[in-house]
Amino acid sequence: MTACCKTLKLDPLGQARRLVDLAEAPWVYTGATPDSGYAKTLYERHGLKPPPAGALVNSTLGLLSIISSGNCVGLLPYQIATHPFATRYLDIVPVAEGPLKLTLGALAMCIGLTSAHLTGQTYAFSNLIVIDSYGAFWKLLLYVVTGLTVLLSLAYLKAERLSIGEYYGFILLALAGMMVMVSGADLLTIYLGTELMSLSLYVMAGLKRTEARSLEASAKYFVLGAFSSGVLLYGISLLFGLAGSTRLSVIAAAITTQGTANPMLSLALVLLAVGFGFKLAVVPFHMWTPDVYQGAPTSVTAFMAVASKAASFGAFLRVFVEGLGGASTDWSVLFTLICLATLAL
């Protein structure tokens, strides 16, 4: 490892800019190898000598040692490219083809498993998750939307040089959060699913790291998303104080017993409406959408505009119909006004 650093004359302070450029070299993403003409030109432009083929240990331990060594951070793309497992995808097929196949295979498996539970109602994980036909409908819809997003993004990712495996990983993480949202039987479970979806989308919105507009979109989405999550969690805490539990069935029973005259219930309804309103981008909680949708990669924008809204709407209906259905006379007028404002503006 030390010999490699001496060969390249790496100085972590004086050549930091060169190492960052090498670490972000497009040949890592385009399927080229370090021996290609572009890679050699890149090294020559920075006055560096390409390392010999056997200079680095092609093993996972060697990769970890390079990551932990600040002096050899510039060699990380080369180590990834020369690793036997990575070379299989870099030299033969595009780097993202492996994750693409895994993503489509995972979606096909999910469709098969969900289709087997279209009828009946089953609770899992200490009654925190409910498996029913309502959740199955939304899950199947989300699978289709995710699959179409993956297929439609192939040409775009290749053109923008964003064909990296992390893209598909974050899509599946966001999908997992959406599945928890539409199947949650507990407010905190739904909240955790919402956060898993949101955190994945925050990262996906800023995947185009070389563009300031994409980074701005990710930052704005994160700040406003964190604010809406706090408002939603505050409403959940008020319902917990009212019913003594965050289970939707317990909350429904408490509203039936205590009635709807409690001002804490009215405040909780408003806070939940605001929290879900940000996720659904309804008026007047839609001001973040133009900047985020414009700055995020086009395929990510399509995924956010369809999948995240569908999951949020599915969770919204379950919470307000199953958990807060006894207070429908209070929130029906509020949502009617919000719907009218959203359609008009």
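Residues numbered from 1 in each chain as written. Predicted model: local features only at pLDDT ≥ 70, side-chain atom pairs only at ≥ 80, totals over all residues. Heavy atoms only, no water.

The next point concerns the packing of aromatic side chains. Under the criterion given, the structure shown has 18 aromatic pairs. Feature note: the residues Tyr 134, Phe 137, Trp 138, Phe 276, Phe 313, Phe 316, Phe 320, Trp 331 and Phe 335 constitute an aromatic cluster, connected by ring pairs. (Phe/Tyr/Trp six-rings, centres within 6.5 Å; stacked < 30°, edge-to-face > 60°.)

Moving on, we come to empty space enclosed by the protein. If you walk through the whole model with that rule in mind, you get two cavities of 30 Å³ or more. Here the largest cavity defines a volume of roughly 90 Å³. Taken together, Met 197, Tyr 221, Leu 224, Gly 225, Ser 228, Phe 278, Lys 279, Trp 288, Ser 308 and Ser 312 form the lining of the largest cavity. Residue assignment for the lining of the largest cavity shows that the elements contributing at least two residues are α12 (212-243), α14 (263-280) and α16 (298-323). A per-element tally of the lining of the largest cavity places α12 first, with four residues. Tallied by class, the residues present in the lining of the largest cavity amount to five nonpolar, four polar and one charged. Here the second largest cavity defines a volume of roughly 40 Å³. Taken together, Leu 187, Ile 190, Tyr 191, Thr 194, Leu 232, Ile 236, Leu 272, Phe 276 and Val 319 make up the lining of the second largest cavity. (1 Å grid on protein atoms, 1.4 Å probe; cavity = no way out; pocket = protein on both sides within 12 Å on 5 of 7 lines; lining within 4 Å. Points joined across faces, edges and corners; volume = space filled by probe spheres on them. Helix = DSSP H or I, 4+ residues; strand = E, 2+ residues; numbered from the N terminus. Nonpolar A, V, L, I, M, F, W, Y, C, P; charged D, E, K, R; others polar.)

Moving on, we come to the nonpolar core. Counting residues in hydrophobic clusters, the biggest one holds 71 residues, and the most contacted among them are Tyr 167, Leu 239, Val 319, Phe 320 and Leu 324. Setting aside its immediate chain neighbours within four residues, Val 319 contacts Leu 187, Ile 190, Leu 248, Leu 272, Phe 276 and Leu 324. (Core = buried A, V, L, I, M, F, W, Y, C linked by side-chain atoms within 4.5 Å. Buried < 20%, exposed > 50% of the residue type's maximum accessible area, 1.4 Å probe, protein only. Contact = heavy atoms within 4.5 Å.)

A few words on the pattern of salt bridges. The tally for this structure, following the rule as stated, stands at six salt bridges. Notably, a salt bridge pairs Lys 220 with Glu 216, separated by 2.8 Å at the nearest N-O pair. With a gap of four residues between them, Lys 220 and Glu 216 both fall in helix α12, about one helical turn apart. A residue is classified by how much of its surface remains accessible, and Lys 220, at 31% relative accessible area, is partly exposed. Ionic pairing is found between Asp 291 and Lys 220, a salt bridge with its closest N-O pair at 2.8 Å. (Salt bridge = Lys/Arg side-chain N within 4 Å of Asp/Glu carboxyl O.)

On to the confidence of the model for the protein, then. Any segment with low pLDDT has predicted coordinates that should not be analysed in fine detail. Residues of the protein with pLDDT of at least 70 account for 71%, and the chain-wide mean is 75. Considering each helix and strand of the protein separately, the mean pLDDT is smallest for helix α5 (residues 60-68), with a value of 30, and largest for helix α11 (residues 187-205), with 93. Across residues 1-40 the pLDDT falls below 50, and counting only partners more than four positions away or on other chains, this stretch makes 73 contacts in the model. In the predicted structure, residues 51-96 sits below a pLDDT of 50 and forms 79 contacts with residues beyond four places in sequence or in another chain. (pLDDT = per-residue confidence, 0-100.)

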